[in-house]
Protein chains: 2
Amino acid sequence: MKAEIIAVGTELLLGQIVNTNAQFLSRECAALGVDMYFQTVVGDNEQRLLDSFKLAVSRADVVICTGGLGPTQDDLTKDVLAAFVGRELIVHEPSMKIITDMFQSRGIHMVESNRRQAMMIEGSDPLHNETGLAVGVAFTYEGTHFILLPGPPKEMKPMFTKYVAPWLRTRMTDEVPLYSKMLKFAGIGESNLEHQLLDLIQAQTDPTIAPYAKESEVTIRLTTRAQTASEGERNLQSIELEIRKRLGEHLYADQDVPIETIVLQLLGEKNQTLAVAESCTGGLLSDLITAVPGSSQSFLGGIICYSNALKHKLLGVPMEVLEGEGSPGAVSSETATLLAEQLIIVTGSDFGLSVTGVAGPSPSEGKPVGLVYIGFAQKDAATRVITLQLSGNRESIKQRAAKSALYHLWKQLKDS
Amino acid sequence: MKAEIIAVGTELLLGQIVNTNAQFLSRECAALGVDMYFQTVVGDNEQRLLDSFKLAVSRADVVICTGGLGPTQDDLTKDVLAAFVGRELIVHEPSMKIITDMFQSRGIHMVESNRRQAMMIEGSDPLHNETGLAVGVAFTYEGTHFILLPGPPKEMKPMFTKYVAPWLRTRMTDEVPLYSKMLKFAGIGESNLEHQLLDLIQAQTDPTIAPYAKESEVTIRLTTRAQTASEGERNLQSIELEIRKRLGEHLYADQDVPIETIVLQLLGEKNQTLAVAESCTGGLLSDLITAVPGSSQSFLGGIICYSNALKHKLLGVPMEVLEGEGSPGAVSSETATLLAEQLIIVTGSDFGLSVTGVAGPSPSEGKPVGLVYIGFAQKDAATRVITLQLSGNRESIKQRAAKSALYHLWKQLKDS
């Protein structure tokens, strides 16, 4: 099955945003066994959009379009495609209801253009948008499958995974479907992981082994051709076993979930609670944890002790530890220890996790950017401190520090 | 001058890498005043590459190709283009010398394929590669300018800036460069904003007005053709004035920065400090604030009072307010008020900002998902509470609640 992506948006042609949607869709299509032949980016221009559709129909079995489903005048994708295939635009009532209800509940005046987001092409299957307002559509025209998705990744990605992937699978008749499995690793870099699996990666045929990294987590996607899940599992068994043998200590899940999800699972199973004290991560660690639905079961909350004043006031770290000639300073093993231990006393949690370091851009207390201390306190157990020297900019240091804290907590939880 | 980018590489079609080159080249072309009409990605396939060249010649004045200049057999770009334009591949001696010297100095045996990187298309201008081995080329064929650059950004980018930009400029006879300016808005939706500017947008010629939304902020890009920045500013003056007249209360910056940056600026100017109490946003608000370098100047930190226990223990909200028959509950104006006011007492900050609500996925205290209360306390001033009913999933409710809190704080700061 030959596929083509058409991303619609002048902001892409002006280089204001990067086309990450194309990467996501290409990777997902590869996983489905759909062969991507072209990616095209075209502006919010009727004629050029029409030309792109004509070309795509002539060379692709599947055309996935992203962008141009919004409410504004330059959102043309649905209108142009409807005209091209000679179909009407009709109202998708469930979407219209969501839109009108939303405006009512917010007490905002709804303008006519908002209705555009609830329009769908006659005779197409609606693709529900649970994170936005613009409904997507899927239909087949002269043997070519058209899929229209909104541009914002947080709307497009879940819609593809939940609705488009199954829709496509039922239309892939002749091909033996691909069966994929994700293995998620933490506490190890992509290149190091790849190095340890190099012989397997170079020898790969079926199953294939594709490692990629995102936000301090490395994912390996194992893929094989199989008619059923159990056949797929059988095909993957030996290679997965070998990978586990080599990298098991870093493997935290065999599904695509972040490590915080597994940490919360383990806390739930042990019926234990967590509180955090964040200095250099500045709330990111709590944000990651509370992004998981149900996190309130085990996560009590925490303290963003960004200033020394709050480290002292809220968590009782003595000022002489934090500041002054010869003091360990705020970025130190001593401070990490006190923050973690005090947390347990102040919040009554079973685990206290603290992060203090230098996120940059400039050094602090004469300590280098990227130096981070993570403290682990636990009722009736000795407090541990882990020291890291991280690289990258402010954002990636915050990210890596938060993910490392979760990785080491995960190790502690699974071994205890 | 109409331009098109052709990125060559199967790794792009498999989604193994993201096409950041296209963003860089599009931005650079916009700055030069070259109009980007299409971006295409094609794999390492002779026929499809040839088809892409044919199509590009038919619709573009400038075709910029990236990738496929390497030494391996699947690097086809130069060969296919040479065949297409009916020219020979010849050796570029300076590049060949660099390659042979490199191999000699490293004492590595040079294989025949390495010579491929020093080949150029007959009658083209060589583009020196100072950070890699593959030479680029630029030439004109039947009125279309072809530019071939290597795929690795660290080679492609300096080559474009140093050699391609000037090469193109000398060939741009009549065009005037583009001058762009960003206006950033908060507290207003994209469609509502566009509705209020519809007459301007529909009447646009030069300057052009392009609105787009990302993460609860709306950006308007004003673009005009101008030889100098001051001329550009003059061209934009009247339209910008009109936009400020209509939407000034939402306009927080005339550059592409998030609202938290401006909030911190205002706090710094007033020499005042901020602390936050986060329930439903769970750390996201603090994370946004601490993502700004230097935020520690004004941001003391905060309390993630995710559980009622911590709302009570750390910020002294009475349990009878939080729980029990007939109590206002954790998600209430009363709780938002107490959290914000207690923050000032507990942390000693000038401003106390609190967020409590239902992020979902399920309702809480019998209150609907998306109901959010934001409290603003200030020394020697009455505490205000704002009630929001937000839509979306857990992630977007957290995002919108945090951004709304920043928007209302910004309003308070600029008016005080």
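Preceding this section is the structure that the text describes.
Just so we're clear, the structure is a prediction, and the values are computed from it rather than from any experiment.

Parameters at a glance
- Residues numbered from 1 in each chain as written.
- Chains lettered and ligands numbered in written order.
- Predicted model: local features only at pLDDT ≥ 70, side-chain atom pairs only at ≥ 80, totals over all residues.
- Heavy atoms only, no water.
- Helix = DSSP H or I, 4+ residues; strand = E, 2+ residues; numbered from the N terminus.
- Buried < 20%, exposed > 50% of the residue type's maximum accessible area, 1.4 Å probe, protein only.
- Contact = heavy atoms within 4.5 Å.
- Areas by Shrake-Rupley, 256 points an atom, 1.4 Å probe, with all protein chains shown as cover.
- Lys, Arg positive; Asp, Glu negative; His and termini not counted.
- Charge placed at Lys NZ, Arg CZ, Asp CG, Glu CD.
- Pairing = 2+ DSSP bridges.
- Axes fitted to C-alpha atoms, helices over the stretch in contact; angles between N-to-C directions.
- Phe/Tyr/Trp six-rings, centres within 6.5 Å; stacked < 30°, edge-to-face > 60°.
- Salt bridge = Lys/Arg side-chain N within 4 Å of Asp/Glu carboxyl O.
- Parallel < 35°, antiparallel > 145°, perpendicular 65-115°, else oblique.
- Left-handed = near helix turned anticlockwise from the far one by under 90°.
- Nonpolar A, V, L, I, M, F, W, Y, C, P; charged D, E, K, R; others polar.

Draft legend 1. Region of interest: the overall build of chain A. For chain A, the count of helices and strands is 15 helices and 17 strands. Seen through its C-alpha atoms, chain A measures out along the principal axes to roughly 75 × 60 × 40 Å. The buried share of chain A, taken over its 416 residues, is 57%. For chain A, long-range pairs separated by at least 24 residues make up 66% of all intrachain contacts whose partners lie at least 6 apart in sequence. A total accessible area of about 16,400 Å² is found for chain A, and carbon and sulfur atoms account for 51% of it. Across chain A, the mean location of the 37 positive side-chain charges is 2 Å away from that of the 49 negative side-chain charges.

Draft legend 2. Structural view of the sheet that holds strand β11 (residues 217–225) of chain B. All names here are of chain B. If you trace the 4 strands from one edge of the open sheet to the other, you get β10-β11-β9-β12, paired in antiparallel fashion. Lying at the two open borders of the sheet, with one neighbouring strand each, are β10 (208–214) and β12 (251–253). Between one strand and the next, the sheet's axes are offset by a mean angle of 35°, whatever the strand orientation. With 2 bridges joining them, strand β9 (residues 178–186) and β12 adopt antiparallel strand pairing. When the bridges of β12 are listed, Lys 184 appears paired with Ala 253. The strands that helix α9 (residues 259–269) touches are β9, β11 and β12; relative to β12, the one it contacts most, it runs at about 80°.

Draft legend 3. Representation of the packing of aromatic side chains within the structure. On inspection of all chains with the given rule, the structure shows 16 aromatic pairs over all chains. Between A:Tyr306 and B:Phe299, the aromatic rings sit 5.8 Å apart at their centres with planes inclined by 55°, giving tilted as the arrangement. Of the two residues, A:Tyr306 sits in the loop between β14 (299–304) and α12 (308–315) while B:Phe299 sits in strand β14 (residues 299–304), which places them in two different chains. Summarising the burial analysis for this pair, A:Tyr306 and B:Phe299 share the class buried.

Draft legend 4. Expanded view of the pairing of strand β11 (residues 217–225) of chain A. Residues and elements named next belong to chain A. Within β11, 8 of the 9 residues are buried, which leaves it mostly tucked inside the rest of the structure. Two strands pair when backbone bridges link them, and strand β9 (residues 178–185) and β11 are joined in this way by 8 bridges, in the antiparallel orientation. Note on β11: the bridge partner recorded for Tyr 179 is Thr 224.

Draft legend 5. Structural view of the pattern of salt bridges. Taken as a whole and judged by the stated rule, the model has 43 salt bridges over all chains. A salt bridge links A:Glu112 to A:Arg115; its shortest N-O distance comes to 3.3 Å. With relative accessibility at 59%, the residue A:Glu112 sits in the exposed group. Residue B:Arg244 is joined to B:Asp254 by a salt bridge in which the shortest nitrogen-to-oxygen separation is 3.9 Å. With B:Arg244 in helix α8 (residues 229–247) and B:Asp254 in the loop between β12 and α9, this residue pair connects regions lying 10 residues apart in the sequence. When salt bridges with common partners are traced through the structure, they connect A:Lys181, A:Glu233, A:Glu240, A:Arg244 and A:Asp254 into a single cluster.

Draft legend 6. Spotlight on the packing of α12(A) against helix α14 (residues 333–347) of chain A. Residues and elements named next belong to chain A. Viewed as axis vectors pointing N to C, α12 and α14 meet at an angle of 40°, and their least axial separation amounts to 10 Å. On the basis of their axis angle, the class for α12 and α14 is oblique. Crossing angle aside, the handedness with which α12 passes α14 is left-handed. Each of Lys 311, Leu 314 and Leu 315 in α12 lies in contact with α14, whose residues at this interface are Thr 335, Leu 339, Gln 342, Leu 343 and Val 346. Along the lines of polarity and charge, the residues of the contact of α12 with α14 split into 5 nonpolar, 2 polar and 1 charged.

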